[in-house]
Structure formats: structure tokens, C-alpha cells
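Letter by letter, the chains look like this.
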Amino acid sequence: MLEVIKTRRSVRKYTDREVDDKTILQLLESARIAPSGHNTQPWRFIVVRCPETKKALAEANHNQTWVGRAPVIIVCVADLGCRVKEPGLSVDENSPQFSLKQVIRDTAIAVEHLVLEAENMGLGACWCAWFVQKDVRPLLGIPEDKYVVALLPLGYPAESPDERPRMKLEEMVMFEKWEDR
Ligand SMILES: Cc1cc2nc3c(=O)[nH]c(=O)nc-3n(C[C@H](O)[C@H](O)[C@H](O)COP(=O)(O)O)c2cc1C
């Protein structure tokens with residue numbers, strides 16, 4: 001397990017090799033079984049292959065054109081409706097609801113399951129969240145009470161990025177109580 005976690009990189013270049021539906025569904029199984037508060041399972045996933053939609057998603061993600069060159073983009077959505085039944089509810093980056101934080105938290109867990117299983121399956125992926133809701137939602141008809149947590153461009157890797165720096169354990173770990181350092 002640690003080997004997969006350690007070798008994972010954000011992969012932003014992909015070969016032309018198609019990622020078929022069977023592979024995508026096998027990958028999504030890792031998200032389906034992710035843990036969530038109260039077992040709410042608020043995550044929803046949209047598998048995007050359409051070149052025009054991928055291009056538009058790339059533009060929405062701070063114009064990072066490589067995003068649109070991925071064979072597949074999995075759009076990862078948190079469904080607030082799983083926790084809040086309020087007709088006409090609309091959320092965005094400025095919404096204060098605690099429930100929104102809960103569904104985003106849970107969906108992020110599922111997304112990281114996807115990222116790690118992608119690595120395990122020989123695929124490459126990269127978390128992308130450099131967008132705002134109002135730019136992404138209309139491209140896919142996503143209602144306003146859903147929150148797009150991440151775009152996950154995905155494909156067979158055409159690069160092996162170097163390891164990015166990380167803090168040392170002693171910089172982030174405390175024992176028994178908070179320590180001011
Ligand atoms: C929530 C989140 C959002 C990210 N958004 C982007 C993004 O929009 N574009 C991008 O190129 N990389 C994005 N990244 C990738 C990070 O830059 C990358 O994880 C970090 O530099 C560490 O590199 P590594 O993943 O290869 O270890 C994102 C990562 C996370 C976790």
C-alpha cells in the first residue's frame with residue numbers, strides 16, 4: 001500500500017491509448033466503497049470523453065490546456081442534497097453551510113481513493129481544483145445544490161514526474177496535544 005502511495009505523482013501528460021469503460025468502472029469501484037460520515041456517500045462522478053467538453057473544462061480550470069488532452073476527465077461532485085433537503089438551494093465557494101463542508105470532505109476521500117487506485121492500475125491522474133463552480137457546472141448541467149470538488153484528468157501516463165518536496169514528519173506531527181513551534 002505504502003509503495004503505491006509513495007510512487008503516485010500528479011500526471012499531466014497522457015498517451016493516446018484509450019481508457020475503456022471497463023477500466024473506468026473498475027477504477028470507480030474504489031470510490032464507491034470509500035468511507036463517509038454517516039455512510040452518506042454524497043459523491044457523484046461524471047465521466048467525460050467529449051473533446052469539446054474536455055476543452056471547456058480545461059479552460060474553466062485556469063486554462064490549463066493539458067487537462068483537455070487527457071483521454072478521460074472524471075468530474076467529481078459532492079451532492080449536498082444527501083444531507084440538506086431544501087428546495088432551490090444554491091451553493092458556491094462562499095457558502096457557509098457545515099453540511100457542505102461535510103459532503104466536500106467525504107467526496108474528497110473518494111477522489112483520493114480514485115487517484116490511488118489509478119496509480120495501482122498503471123493509470124496517471126491529477127487532482128484539479130483551480131476553477132469556480134459557476135464556470136464548471138453549466139458545462140455539464142450540474143444543478144446549483146451540487147458542488148464540484150475536483151476534475152480528474154486521467155489516462156495512461158506519458159511522463160514520470162519527479163517527487164515533489166514534502167514536509168518532514170517532525171514538522172507536522174505532535175503527540176498528546178498541540179505544540180506551538
Ligand atoms: C485539491 C487539489 C487541487 C489541485 N489542483 C491542481 C490544478 O488545478 N492543476 C494542477 O496542475 N495541479 C493541481 N493539483 C496537483 C498539485 O499541484 C500536486 O498534488 C502537488 O504539487 C504535489 O505533487 P504530486 O501530486 O506529484 O505529489 C491539485 C492537487 C490537489 C490535492
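Because the structure is predicted, anything quoted here is derived from the model rather than measured.

Colleague: Would you mind showing me how to read the pairing of strand β2 (residues 72-79) here?
Modeller: Moving residue by residue along a regular strand, the side chains alternate between the two faces of the sheet. The buried count for β2 comes to eight of eight residues, which makes it a mostly enclosed element. By the alternation rule, side chains of β2 split into V72, I74, C76 and A78 and I73, V75, V77 and D79, which are all buried. In this sheet, strand β4 (residues 146-155) lies alongside β2 in antiparallel orientation, the contact comprising eight bridges. Among the inter-strand pairings, A78 is bridged to a residue of β4, identified as Y147.

Colleague: Can you help me understand the packing of helix α3 (residues 51-60) against helix α6 (residues 133-140) in this one?
Modeller: Angle between the axes and distance between the axes are the two parameters that describe a pair of packed helices. Contact geometry of α3 with α6 gives a least axis separation of 9 Å together with a crossing angle of 170°. Between α3 and α6, the angle falls in the class roughly antiparallel. Residues T53, A56, L57 and A60 of α3 lie in contact with α6, whose contacting residues are D135, V136 and L139. Counted by class, the contact of α3 with α6 contains five nonpolar, one polar and one charged residues.

Colleague: What is the right way to read the site of the ligand from this model?
Modeller: All residues adjacent to the ligand are R9, S10, N61, Q64, C126, W127, C128, A129, W130, P161 and R164. Looking at the shell around the ligand residue by residue, the classes come out as six nonpolar, three polar and two charged.

Colleague: So what exactly am I meant to see when it comes to the packing of helix α2 (residues 21-32) against helix α5 (residues 98-120) here?
Modeller: Running from N to C, α2 and α5 cross one another at 140°; their axes reach a closest spacing of 7 Å. As far as their axial angle goes, α5 and α2 are oblique. Crossing hand, α2 versus α5: right-handed. Counting all contacts with α2, which are made through L27, S30 and A31, the residues of α5 involved are A110, H113, L114, E117 and A118.

Colleague: How should α5 be read in this particular structure?
Modeller: In an α-helix, one turn spans 3.6 residues, which is why side chains three or four residues apart end up on the same side. Compared with an ideal rise of 1.5 Å per residue, which puts 23 residues at 33 Å, α5 spans 33 Å between its outermost C-alpha atoms and is within 8% of the ideal. Just past α5, the residue G122 takes up positive phi, approximately 85°.

Colleague: Hey, could you run me through α3 in this one?
Modeller: Those residues of α3 that fall on the buried side of the exposure criterion are K54, L57, A58 and A60. Across the axial projection of α3, the buried residues extend over an arc of 160°, all falling on one side. In α3, the exposed positions that point more than 90 degrees away from the buried face belong to P51 and E52. In the segment just after α3, H62 is the residue with positive phi, at about 55°.

Cut-off values and rules
Each chain carries its own residue numbering, running from 1 in the written order of its sequence. In keeping with the predicted nature of the model, local features appear solely for residues at pLDDT of at least 70, side-chain atom pairs appear and are counted solely at 80 or more, and the whole-chain, interface and lining totals rest on all residues. Remark: C-beta atoms are placed from the backbone, and a residue is labelled buried if 20 or more other C-beta atoms sit within 10 Å of its own, exposed if 12 or fewer do, or partly exposed between those counts. By definition, any uninterrupted DSSP run of H or I lasting at least four residues is a helix, any uninterrupted run of E lasting at least two residues is a strand, and each is numbered from the N terminus. What makes two strands pair is DSSP finding at least two bridges between them. The axes are straight lines fitted to the C-alpha atoms, using for helices just the contacting stretch, and the angles between their N-to-C directions are given from 0 to 180°. In these notes the angle categories are as follows: under 35 degrees is roughly parallel, over 145 is roughly antiparallel, 65 to 115 is roughly perpendicular, and the rest is oblique. C-beta atoms are first placed from the backbone for all residues, and any pair lying within 7 Å is then listed as a contact. Classification convention: Asp, Glu, Lys, Arg as charged; Ala, Val, Leu, Ile, Met, Phe, Trp, Tyr, Cys, Pro as nonpolar; all other residues, Gly among them, as polar. Defining nearness, a residue is near a molecule or strand when the C-beta atom obtained from its backbone falls within 6 Å of it. Handedness of a helix crossing follows the sense of rotation of the near helix relative to the far helix, less than a right angle counterclockwise being left-handed and clockwise being right-handed. Here the expected length of a helix is defined as 1.5 Å per residue gap, with one fewer gap than residues. Arc definition: it is the arc formed by the directions from the helix axis to the C-beta atoms.

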